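Close look at the chain arrangement
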Amino acid sequence: MFKGSSITVHDVNPEAQVANHGLLKYPHRLNFYDIPPTFDVTIEEFETCGLDRLRILAEIESSAARNRTAEELKDVTLKQNNKYLPLNMSKGSNGETDGERRRDHLSHFVLRLAFCRSEDLRRRFVKAETTLFKVRYDTDLGPERASFLSSRNFNWIPVESEEQKRFSQELAAAYQGNRTETGRPEKEKYYKVKWTRVPDLVERRKVFLKGGWAYVPSRELSSIIFQEFEDHLQKALEMTARLLPRLDEDTRLVPILDNLSQGFLAGISAEWTSAADAGNAENIKAEQIDGIAKKHFPLCMRTLHENLLRDHHLKHFGRLQYGLFLKVLGVSIEEAIVFWRKSFSLMTDDKFNKEYKYNIRHSYGLEGKRANYAAKSCMQILTPGPSDHGCPYRNYSPENLQTALLSTYSQQGLRAADLPEIMASVKTQHYHVACTRVFELTHSSFGVGRGEGISGENVTHPNEYAARSMELARPKDEEMVTE
Amino acid sequence: MDIDESSQPASPEVMLVFYRRLYPFKSIYNWLNHEHAPTQLFTHREFAFTLPGDVYLRYNSFGSADELKKQVCQLNPSRFEIGPIYSARPRDRKTVRAGAFTPLLRELVFDIDMTDYDPVRTCCAGTDICRKCWQFIAAAVRVLDSALREQFGYEKLLWVYSGRRGIHLWISDREAMELTDAQRKALVGWLTVVQGGKEGSRKLGLHGAKGQLSPALQAALDYLRTIFGALVLSNQDCFRSVEGYEELLKAIPDSRVVDTMRTKWTASPSRSSEDKWNDLLKQTQTKTQSNLMAALEDVILQYTYPRLDAEVSKHRNHLLKAPFCVHPKTGRVCVPLDLATIENFEPESVPTVSQLLRELDGIVRDDEDSKEFHSDWEKTSLKPYIELLDRHALSLMEATRNEKRKTDMSW
């Protein structure tokens, strides 16, 4: 099994040297991300964490483009958040929340590295992260929020009651002047900060200003916190950007970071996310592929699979065709990488990582232009091309085809007597009819009769073939289990 | 010696003499640099020159006042502008990595231009300015100056006449110079009430649910109320014409009041603005309607509250014409103004460049062999203005010294 070597995320912040090593405790759900992670992570974790967080941030970004309201944005963000990076309140079991927070912590810093590199990326990252922080802050429970706030010095000065009395009229006017609700400013607790720390309140004239100090009522304190978060992150990103060149020595990280930032630039689309979802639904493990191939794959994919087993390699277009087929079949990216890694058994890890992993990930929409590539249909496969992939019914000589069919499907009920009929279809160039007939013959034990095809239709896509085949087999598998 | 009455554009020859003999480079240097020895406040500062024929040279920077003077005399620009302090010397910007050249510091600047007041002034229009409409500027200066000092706590404010029909403000407090663009935008948002230009007649709706103004606006209103009568009602007589009072009636929320007033005012077209305003004030007494009073307060703000050119203030890298430049059209020098006498300022009294040169000609030179003319301005009418800048620069230098001493003490 392929196992990524572990790396240490070197940090960029000088404080890292001072930070405690070993067990990082996360007493609060919210995090200002002051201290970078100093624990060891695998390359995989580094990447998947980053991707998961990216999914949340991409949704936040696209919300603006889709003109969602603040409420909708909150809902969507929370949904994504709970799906990819769940963060629970402290009351839950401690081990779990600590793990969640660790992932949150790590993923934030992974994306920092990826998004510090241009002014535009920094700006967008800060915006999305601040939104995420706001949503989390708003959903934080009162006591937990309070303990988070007290864990950090925000440098606000509580306004003495005498001073508050002195400015009571102004404070009241600032308070009511912009609010329809009736509040009681004399009951409100006020804090003084430099006005530059609450520019949003200043811009909307929601505070009282005196000599450069803004008098912020306690319910507007979040404004200070969000601004602090934003400023802090902005500065940290600039610092990271200056120090990033020193990170280039690790060749494994740079492509990952490149891809992450490109994903943000291209905007991870919704279909990309849903494609990943669809994949997860079936959840086929790498080690299952061989078994499934023998039972359910059409001849074209069987051929590719067997070539791969025989040669421990496939050429580029073969990999592409087979890889996309597997993706749509329901093999997740993690499993696909495991599968290919095992299949390319003559290769070193390094070579695989450098030369092949990218393409696999690319076909899953995780690299490059991040398109959601569909698996090739029969139509595309039938288009002339090199011979070790493509449609065997078309490419193989009649003799070879007959041999191949017999050796491949004889165990599933294909008899030599059936061959003339199949070959007749091939001769008239009705390759899909031939393929459909093979499906019928090999699935007769499931009650598929002549002319029924795949739910009454001819094969037009290898994935249809495989999916129907697996669907038919399912009740039987379950029976076997119950027996 | 006669003083020419009409202002006129300055010729390149005249400009060259002005730069060589009169322009106070040293004072400008002190004002920008905050201390005697050159710092990044000066060396990393962008200067941009406008040459005849619409040639615009950006990203110049200089090591000292003399270098600046040399270059100015060589290029003889029709005017030059001052930009921000960058992370590197602007003239070396191509040698630093892209992205590493960013504006860091910049005086907080404001620009008020008479054109934004065109909808509410009746005496002049376009580029003209007279004593009457200068009062709009004076009111704006009063409001802005006190707001920036009282609310934001800034102290080092320099008001500069823009040479024709506006005024600039440069704030050199360290805290003001360090503001980010976002903070500048917030500050401008705080100060902006009336959008300039055509949308000037939109309703303001500044009052809260309980009819209260935010304290900052209340303070502005308290002052503007005192000058509203003289400026808008008698000086400008804004509501005498039909268009004028219709504009006023648009702001009144109560349609019955509007109808009553319109009937009354149409019947007697000779009623002055003051009479009409009093008619409205009477309505507030009889009808005990707080929203009518609020509407009238809105009108006061609408007509007299400072109208800012927001874009100038929002961005650190915005260039603004340097003080003591000559306005190319009027030939007048952009002189700093004393806040105490802002109401009495007369744009026509500002020396023009040709007038100054004539004053120079009148000077009998004592030592003919002296080649430097540094102190020539002392004998001209430019003197009080340069002394004003020098005093301002001195207070900046003192603040810097005190700051340094404080840090020294901490050791």
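Reading the values: rules and limits
Residues numbered from 1 in each chain as written. Chains lettered and ligands numbered in written order. Predicted model: local features only at pLDDT ≥ 70, side-chain atom pairs only at ≥ 80, totals over all residues. Heavy atoms only, no water. UniProt positions renumbered as here; feature names shortened; annotations may be inferred. Helix = DSSP H or I, 4+ residues; strand = E, 2+ residues; numbered from the N terminus. Buried < 20%, exposed > 50% of the residue type's maximum accessible area, 1.4 Å probe, protein only. Areas by Shrake-Rupley, 256 points an atom, 1.4 Å probe, with all protein chains shown as cover. Contact = heavy atoms within 4.5 Å. Pairing = 2+ DSSP bridges. Buried area = accessible area lost by both parts, 1.4 Å probe. Salt bridge = Lys/Arg side-chain N within 4 Å of Asp/Glu carboxyl O. Polar contact = N/O pair within 3.5 Å; in protein donor to acceptor, adjacent residues only side chain to side chain. pLDDT = per-residue confidence, 0-100. Phe/Tyr/Trp six-rings, centres within 6.5 Å; stacked < 30°, edge-to-face > 60°. Lys NZ or Arg CZ within 6 Å of the ring centre and 35° of its normal. Axes fitted to C-alpha atoms, helices over the stretch in contact; angles between N-to-C directions. Parallel < 35°, antiparallel > 145°, perpendicular 65-115°, else oblique. Left-handed = near helix turned anticlockwise from the far one by under 90°. Nonpolar A, V, L, I, M, F, W, Y, C, P; charged D, E, K, R; others polar. Core = buried A, V, L, I, M, F, W, Y, C linked by side-chain atoms within 4.5 Å.

Looking at an unreviewed UniProt entry, one finds chain B named DNA primase, with Hypholoma sublateritium as its source organism. The UniProt entry for chain B carries the following comment under Sequence similarities (unreviewed entry): "Belongs to the eukaryotic-type primase small subunit family."

The name recorded for chain A in an unreviewed UniProt entry is DNA primase large subunit, from Hypholoma sublateritium. As recorded by UniProt, the Sequence similarities (unreviewed entry) comment attached to chain A reads in full: "Belongs to the eukaryotic-type primase large subunit family."

Right, let's get into the overall build of chain A. Looking only at helices and strands, chain A features 22 helices and 6 strands. A burial count over chain A gives 52% of its 483 residues as buried. Surface summary for chain A: the accessible area is close to 23300 Å², and the carbon and sulfur share equals 52%.

This part covers the overall build of chain B. The helix and strand inventory of chain B stands at 15 helices and 9 strands. A buried classification covers 52% of the 411 residues belonging to chain B. Long-range contacts, defined as pairs at least 24 residues apart, comprise 70% of the intrachain contacts of chain B with a sequence gap of at least 6.

A word on the sheet that holds strand E4 (residues 190-194) of chain A. Across the sheet, which stays open at both edges, the 4 strands sit in the order E3-E4-E6-E5 (chain A) with antiparallel pairing between neighbours. At either margin of the open sheet sits one strand with a lone partner, and together these are strand E3 (157-158) and strand E5 (208-210) of chain A.

Our next topic: the UniProt feature "binding site: [4Fe-4S] cluster" (unreviewed entry) in chain A. All names here are of chain A. Residues annotated by UniProt as "binding site: [4Fe-4S] cluster" (unreviewed entry) correspond here to Cys 300, Cys 378, Cys 391 and Cys 435. Spanning 136 residues, the annotated positions come together in the fold, the maximum distance between their C-alpha atoms being 10.3 Å. Along the chain, Cys 300 falls in helix H13 (residues 299-311). Residue classification places Cys 300 among the buried positions, given a relative accessible area of 11%. Residue contacts for Cys 300: discarding those within four places in its chain leaves Gly 390, Pro 392 and Pro 462. One can find Cys 378 in helix H17 (residues 378-382). Among residues more than four places away in sequence, those in contact with Cys 378 are Val 459, Thr 460, His 461 and Pro 462.

Turning our eyes to something else, we now look at the interface of chain A and chain B. On the side of chain B, 25 residues touch chain A, which itself brings 22 residues to the contact. Of all residues in chain A, the largest losses of buried area upon contact with chain B belong to Trp 195, Glu 203 and Arg 205 of chain A, amounting jointly to 34% of the total for that side. For the interface between chain A and chain B, the tally reads 3 salt bridges. Where Lys 185 of chain B meets Glu 203 of chain A, a salt bridge forms, and the shortest distance between an N and an O atom there is 3.2 Å. Connecting chain A to chain B are 10 residue pairs in polar contact (both at pLDDT 80 or more). Going through the elements one at a time, helix H7 (168-176), helix H8 (199-203) and E5 of chain A are the ones with two or more residues in the side of chain A that touches chain B. Per-element accounting of the side of chain A that touches chain B gives the leading share, 4 residues, to H7 of chain A.

Moving on: the confidence of the model for chain A. Note that predicted coordinates carrying low pLDDT should not be read in detail. All names here are of chain A. The predicted model of chain A has a mean per-residue pLDDT of 77, with 82% of residues at 70 or higher. Confidence, expressed as mean pLDDT per element, reaches its minimum in chain A at helix H11 (residues 270-282) with 38 and its maximum at E5 with 92. Within the model, the stretch residues 266-281 combines pLDDT values under 50 with 20 contacts to residues more than four positions away or in other chains.

Under the counting rule described, the total for this entry stands at 55 aromatic pairs over all chains. Ring centres 5.7 Å apart and planes at 70 degrees place the aromatic pair Phe 167 of chain A and Tyr 215 of chain A in the edge-to-face group. On the criterion of sequence distance, the pair formed by Phe 167 of chain A in the loop between helix H6 (161-166) and H7 and Tyr 215 of chain A in strand E6 (residues 213-217) is long-range, its members being 48 residues apart. Its relative accessible area of 4% is what places Tyr 215 of chain A among the buried residues. Note on Phe 228 of chain B and Trp 277 of chain B: the rings are 4.7 Å apart at their centroids and 50 degrees apart in plane angle, and the pair reads as tilted. Separated by 49 residues along the polypeptide, Phe 228 of chain B in helix H8 (residues 215-235) and Trp 277 of chain B in helix H11 (residues 273-287) bring together distant segments of the chain. The same class applies to Phe 228 of chain B and to Trp 277 of chain B, which are both buried. Put simply, the rings of Phe 32, Tyr 33, Phe 109, Phe 133, Tyr 137, Phe 148, Phe 154, Trp 156, Tyr 191, Phe 226 and Phe 229 of chain A touch in pairs and so form one group of aromatic residues. In this structure, Arg 152 of chain A is placed above the aromatic ring of Phe 154 of chain A, and the distance from its NZ or CZ to the ring centre is 5.7 Å. Seen from the ring of Tyr 59 of chain B, Arg 58 of chain B lies directly overhead, with NZ or CZ sitting 4.6 Å from the centre.

Residue and element names in this part refer to chain B. Taken in spatial order, the 4 strands make up an open sheet running E5-E7-E6-E9, and their pairing is antiparallel. Edge positions in the sheet fall to strand E5 (108-113) and strand E9 (336-337), since each of these pairs with one other strand and no more. Relative to strand E7 (residues 166-171), strand E6 (residues 157-161) runs antiparallel, the two being bridged by 5 bridges. The residue bridging Trp 159 from the neighbouring strand is Leu 169, located in E7.

All names here are of chain B. Close contact between helix H1 (residues 12-22) and helix H4 (residues 65-75) brings their axes to 9 Å; oriented N to C, the two are set at 165 degrees. When the axis of H1 is compared with that of H4, the two are roughly antiparallel. Crossing hand, H1 versus H4: left-handed. Judged by residue contacts, Leu 16, Tyr 19 and Arg 20 of H1 engage Lys 69, Val 72 and Cys 73 from H4. Counted by class, the contact of H1 with H4 contains 4 nonpolar, no polar and 2 charged residues.

What follows is about the pattern of salt bridges. All chains considered together, the criterion is met by 50 salt bridges over all chains. In this structure, the salt-bridge partner of Arg 122 of chain A is Glu 119 of chain A, at a minimum N-O distance of 3.3 Å. Taken as a pair, Arg 122 of chain A and Glu 119 of chain A lie in helix H4 (residues 119-139) at a separation of 3 residues, close to a single helical turn. The exposure class assigned to Arg 122 of chain A is buried, which follows from its relative accessible area of 10%. The partner of Asp 279 of chain B in a salt bridge is Arg 271 of chain B, with the nearest N and O atoms 2.9 Å apart. For Asp 279 of chain B, a relative accessible area of 3% puts it in the buried group. The exposure class of Arg 271 of chain B is partly exposed, given its relative accessible area of 22%. Each of the salt bridges in this network shares a partner with another, and the network as a whole consists of Asp 34, Arg 152, Arg 197 and Glu 228 of chain A.

Residues and elements named next belong to chain B. Burial runs high along helix H14 (residues 353-361): 7 of the 9 residues are buried. The set of residues buried in H14 consists of Val 353, Ser 354, Gln 355, Leu 356, Leu 357, Glu 359 and Leu 360. Buried-residue contacts for H14 involve H1.

Our focus in this paragraph is the nonpolar core. Residues Tyr 322 and Tyr 393 of chain A together with Phe 18, Tyr 154, Leu 191 and Phe 239 of chain B are the most contacted members of the largest nonpolar core, which totals 231 residues. At 12 residues, helix H5 (residues 131-150) of chain B tops the list of elements feeding residues into this core. Core analysis: the next-biggest nonpolar cluster, separate from the first, contains 7 residues, Phe 167, Leu 171, Tyr 190 and Phe 208 of chain A among them.

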